[in-house]
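Per-entry structural report
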Amino acid sequence: MTDSKYFTTTKKGEIFELKAELNSDKKEKKKEAVKKVIASMTVGKDVSALFPDVVNCMQTDNLELKKLVYLYLMNYAKSQPDMAIMAVNTFVKDCEDPNPLIRALAVRTMGCIRVDKITEYLCEPLRKCLKDEDPYVRKTAAVCVAKLHDINAQLVEDQGFLDTLKDLISDSNPMVVANAVAALSEIAESHPSSNLLDLNPQSINKLLTALNECTEWGQIFILDCLANYTPKDDREAQSICERVTPRLSHANSAVVLSAVKVLMKFMEMLSKDLDYYGTLLKKLAPPLVTLLSAEPELQYVALRNINLIVQKRPEILKHEMKVFFVKYNDPIYVKLEKLDIMIRLASQANIAQVLAELKEYATEVDVDFVRKAVRAIGRCAIKVEQSAERCVSTLLDLIQTKVNYVVQEAIVVIKDIFRKYPNKYESVIATLCENLDSLDEPEARAAMIWIVGEYAERIDNADELLESFLEGFHDESTQVQLQLLTAIVKLFLKKPTETQELVQQVLSLATQDSDNPDLRDRGYIYWRLLSTDPVAAKEVVLAEKPLISEETDLIEPTLLDELICYIGTLASVYHKPPSAFVEGGRGVVHKSLPPRTASNESVESPETAPAGAPSNEQPDVIPTQGDLLGDLLNLDLGPPVSGPPLATSSVQMGAVDLLGGGLDSLIGGPNFVAPPAAAVPANLGAPMGSGLSDLFDLTSGVGTLSGSYVAPKAVWLPAMKAKGLEISGTFTRQVGSISMDLQLTNKALQVMTDFAIQFNRNSFGLAPAAPLQVHAPLSPNQSVEISLPLNTVGSVMKMEPLNNLQVAVKNNIDVFYFSTLYPLHILFVEDGKMDRQMFLATWKDIPNENEAQFQIRDCPLNAEAVSSRLQSSNIFTVAKRNVEGQDMLYQSLKLTNGIWVLAELRIQPGNPNFTLSLKCRAPEVSQHVYQAYETILKN
């Protein structure tokens, strides 16, 4: 007989009847009554009136009845806290029951009753259960500590439960160890600053021993805990990897991904020259491939994780291309993800295979998939140069099919191919022009217009083609309007006599009849450029465009490193750090990969960092953030560079006129008064970017010649510690090169010769770029000054503090060691000026938790002086604005390892205290950047 009968009662006075049955003397009747109560509770009826009667049923040896009563208690204790206290005695008694199942049940229920009044009564029973002889009870009690901590953290700390939990990590039973790790991890997440999981080689060893014997979920907790540990050297990393590798063959995909996460993290510390490194790469491929034979949902999660892994280490899966070929019955979300990974793995060796597949996909029925496949062919052409010819002919074959959406996608990617390989495939333009009439999607129309404008001199009827687009100008999307405006201006600059009317027409449409501020501003700028200085206009609009890079959609390296630490979690599926989607940021800790210890590798400079040189073509990008435009219009241009003082004021005047209210004079159309000649800056030959800011970026790309601030020499190694050799020194950065300026003094009685110097691994890979050359022997009481050039391609290891440098100096007497702190501003590079739109987008993209605020006190400088002084140390003012009387300087700087730091400096005129806000994807550098600001501004 099933339990469904308990759900079918419709009698009146039901509560009264249940009350009578609950107080019955017969055990069976009691049990039936409790089942009915639970059934009513389950369907949402209020049976809280029966609380005292149900609690009375707790005094029983029947395990089934006890479970039901405890279930009821958990549900109603919160609404009846006073009544719930009645149950405390029974809990205390049950925690001493001879049956371990009952002891565990009692402690589990205690943890689920979230009532403050009861909490303190439960400490004693919980303490006993944590030390219970039965491992089942201990493992249940471990989880209960985490639940209790959530209710009352202070109580748990006062009662010493956290220490007991730490002791359980050394328990003999693997399940108890796993639950203790899970509980401590949970507590540590809500208190990121507390160092609860104090991992050391001994505790790691215990965890690895427990790993082989506990259940699959226990293994996941332990693996996740291991992933948060940083081994002290590559040998320890290798030994942990060897013991984790067997988990890769586990049947549970979550265990596999957790193991992959640990291995990916610790591989950072292994040298690529090691045999073991190659073995590990080979071992990682099969489990990842096996994950793709699961059901589609699991496949998708696996593919999202593989996408990250392939970006970090493509060599793992480079021979497994066939696994990512699409099956006819794959759901669309799996197909699209596989396609993405195929392109990431495409190389010269497998490109023929990939292209044959992609051509096949382009004839599928699923429109989204076909579009992505056509786009993929273009991405392959850009990625693998040898295949470009084949890709272009494949795309032309697809255009001949005359399928509308295929043609449109093909045109979009051919535009990118032209950008990557200029003057190579322009012969296909004629074929593209034949399909002009069929284009109805904004992106395809914009791409076609770009092609016509860019190659106007090769297309006889370019003016007619562009004119045909102009007829419905106001019905086009912004993207197309912006592109059309630029294309017609390009055409005018190439064929001025034939297209004067056309350019007048488009400028008047853009400036007078348009509501879009982007379009209006670009129109005004072209108008002013053309009427002031056509030569400058030609340099700006027809500037040499940078080649686009192959992988424009790679995840930015610091973010990728963080996501690798979250493999197997939701962050790895979203491809966003947890701080981007976890509300309130509770328990979100920024993770990063351990520093590489292999001597043959330096920190890679992230070529695709969000504010690198504009890598992909951007003339028509409209900012996606809603308030980006408002912010841009509020920003003033930064001060000019400390270079030739010649036309400083006029350049700045011109800049403000062009971007500020000076635009009003243009409203009347082309009859405006031309600005003074000095207002057209000399360096307008910069490539055209995505709007006003780049066109008049007066300060970009100019190196500072004055050099950054140099601290006075300090004694680094006193003579008494180095057998008479005294070393004092400082660091300098001059026009892009770093040097260590040393003074060696011989205070001994013998001559010193054969000097040499070596640095230990350090956070930024600083290393001598040349030997230490002391040309003549150093006689007693003699000093010599040497400038030792440095580079940043040495081995990298994170130091504490970050700017610590350990140095060894050898001479004919002995080897001497000392350590010194270098000022971080010697690592600020000359191309650290970020484009303004990129600055805004990056500032919004970096999570708020990464923002740090500092006070700079007693600095009497004004905003102009601050800006030029910082500029000489490669801290660039991207923009400046005045808000309620405060000067706000928006600044960017870039470190030698490619990390960008964005700053907002608030200066209240007359107040010597400034507020500095710093944002960076590697928050640990913020403190040192702040110290650099202090040093530069106060000296």
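Quick notes on the rules
- Residues numbered from 1 in each chain as written.
- Predicted model: local features only at pLDDT ≥ 70, side-chain atom pairs only at ≥ 80, totals over all residues.
- Heavy atoms only, no water.
- UniProt positions renumbered as here; feature names shortened; annotations may be inferred.
- Helix = DSSP H or I, 4+ residues; strand = E, 2+ residues; numbered from the N terminus.
- Buried < 20%, exposed > 50% of the residue type's maximum accessible area, 1.4 Å probe, protein only.
- Contact = heavy atoms within 4.5 Å.
- Areas by Shrake-Rupley, 256 points an atom, 1.4 Å probe, with all protein chains shown as cover.
- Pairing = 2+ DSSP bridges.
- Salt bridge = Lys/Arg side-chain N within 4 Å of Asp/Glu carboxyl O.
- Phe/Tyr/Trp six-rings, centres within 6.5 Å; stacked < 30°, edge-to-face > 60°.
- Lys NZ or Arg CZ within 6 Å of the ring centre and 35° of its normal.

Under the annotation held in an unreviewed UniProt entry, the protein carries the name AP complex subunit beta and is attributed to Equus przewalskii. The UniProt entry for the protein carries the following comment under Sequence similarities (unreviewed entry): "Belongs to the adaptor complexes large subunit family."

Section: the overall build of the protein
Summing up its helical and strand segments, the protein has 39 helices and 14 strands in all. Per-residue burial over the protein gives 53% buried out of 939 residues. Here the analysis covers contacts within the protein between residues at least 6 apart in sequence; of these, 69% occur between residues at least 24 apart. Within the structure as shown, the protein displays about 41,300 Å² of accessible surface, and the carbon and sulfur contribution to it stands at 51%.

Side note on the pairing of strand β5 (residues 756–759)
The two faces of β5 differ: I757 and F759 on one face are buried, but A756 and Q758 on the other face are not. By the bridge criterion, four bridges tie β5 to strand β8 (residues 804–810) in an arrangement that is antiparallel. Paired with A756 across the strands is K810, a residue of β8.

Looking at the pattern of salt bridges
Tallied over the entire structure, the rule returns 38 salt bridges. With its nearest N and O atoms 3.2 Å apart, the salt bridge here joins E785 to K713. Of this pair, E785 sits in strand β7 (residues 783–791) while K713 sits in the loop between α36 (692–695) and β2 (714–717); the two residues are 72 residues apart in sequence, bridging distant segments of the chain. In this structure K713 comes out as partly exposed when scored by relative accessible area, which is 36%. Two residues, R921 and D845, come together in a salt bridge whose shortest N-O distance is 2.5 Å.

Overview of the packing of aromatic side chains
Counted by the stated rule, this structure contains twelve aromatic pairs. Judged by centre distance (5.3 Å) and plane angle (80°), the ring pair of F418 and Y455 falls under edge-to-face. Within this pair, whereas F418 is found in helix α24 (residues 404–420), its partner Y455 is found in the loop between α26 (442–454) and α27 (462–470), the two being separated by 37 residues in sequence. Residue Y455 is classed as buried on the basis of its relative accessible area, which comes to 7%. Measuring from ring centre to ring centre gives 6.2 Å for Y421 and Y425, while their planes differ by 85°; the resulting arrangement is edge-to-face. It is K335 that lies over the ring of F369; its NZ or CZ is 5.2 Å from the centre.

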